[in-house]
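Breakdown of the fold
Single-letter residue listing:
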Amino acid sequence: MNKLIIVVLLGLASAQLQSVQTLNVTQYLGNWYEVASSPWVHLTFEKDAYCTRATYGVQSDGNLSVLNMERYGSPSGEIKEITGYAYIPNPEQPGQLKVHLDGAPFEYADYWIVQLGPVKNEQYQWAIVSEPSKFFMWVLARDPVEYNLLYKTQVQNTVTNTLQFDGRFNQYVARPWTGCVPYSDSQ
Ligand SMILES: *[C@@H]1O[C@H](CO)[C@@H](O)[C@H](O)[C@H]1NC(C)=O
Ligand SMILES: *[C@@H]1O[C@H](CO)[C@@H](O)[C@H](O)[C@H]1NC(C)=O
């Protein structure tokens, strides 16, 4: 086979990831609950994490504030949190954010918003988040119970079949919220 054919076949095999073309940042703010993620996530920075929640706000410089909370070891374990910030380097690619987390072994990580659910109460209801290599993948939702009832089947199918997160370490794994002891500021 010549090189061109091999490149084309590789391209087909690993469906290139696209990020959203429009993003209303205001509707992306607030609390997000991790309802699914890839094994890579839990083998690395969310090792032994349960009940992982992200909260996004706006800083005075216009960047987004990031607060990640988790329970360590079990759904009632000790609370661990990490803060940071995120921004959109290129307004023409509003779904391609860079995230900095305080104390993390990287300066900036890619954070791509790949697909967004419907807007309700002025908030997107779910989001598929990943990065260009497709190792790390999260599904975030506003309400884990409602997500399972209304959106899970469709989102899992999109992640697995359309976006082809179907490898052993990047497949969709549900992250249950049953038994999670609520954070004190939870609604
Ligand atoms: C956000 O953070 C980046 C990286 O520190 C910085 O270059 C930028 O000026 C900040 N503010 C905005 C609005 O992007
Ligand atoms: C973004 O969302 C907010 C909250 O729903 C809304 O008030 C605003 O008009 C939206 N902005 C755009 C440009 O659609």
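Use the structure listed above.
To start, this report covers the structure provided alongside it. Computed from a predicted model, the values in this text were never measured in an experiment.

Rules and cut-offs
Residues numbered from 1 in each chain as written. Chains lettered and ligands numbered in written order. Predicted model: local features only at pLDDT ≥ 70, side-chain atom pairs only at ≥ 80, totals over all residues. Heavy atoms only, no water. Helix = DSSP H or I, 4+ residues; strand = E, 2+ residues; numbered from the N terminus. Contact = heavy atoms within 4.5 Å. Areas by Shrake-Rupley, 256 points an atom, 1.4 Å probe, with all protein chains shown as cover. Lys, Arg positive; Asp, Glu negative; His and termini not counted. Charge placed at Lys NZ, Arg CZ, Asp CG, Glu CD. Near = heavy atom within 4 Å. Polar contact = N/O pair within 3.5 Å; in protein donor to acceptor, adjacent residues only side chain to side chain. Nonpolar A, V, L, I, M, F, W, Y, C, P; charged D, E, K, R; others polar.

What follows covers the overall build of the protein chain. Tallying secondary structure elements over the protein chain gives four helices and 11 strands in all. Taken over the C-alpha atoms alone, the protein chain extends approximately 60 × 35 × 35 Å along its principal axes. In the protein chain, once contacts between residues fewer than 6 apart in sequence are set aside, the share between residues at least 24 apart is 53%. When the accessible surface of the protein chain is summed, it comes to about 10400 Å², and 56% of that surface belongs to carbon and sulfur atoms. Taking the 12 positively charged and 17 negatively charged side chains of the protein chain as two groups, their mean positions are separated by 8 Å.

The subject of this paragraph is the site of ligand 1. Ligand 1 sits among Asp61, Asn63, Tyr85, Tyr87 and Tyr108. Within the side chain of asparagine 63, an N or O atom sits 2.3 Å from an oxygen atom of ligand 1. Side-chain polar atom of tyrosine 85 to an oxygen atom of ligand 1: 3.2 Å apart, as the coordinates give it. In the complex, the protein chains occlude 49% of the 350 Å² of accessible area that ligand 1 would expose alone. Within the shell around ligand 1, the residues separate by chemical class into three nonpolar, one polar and one charged.

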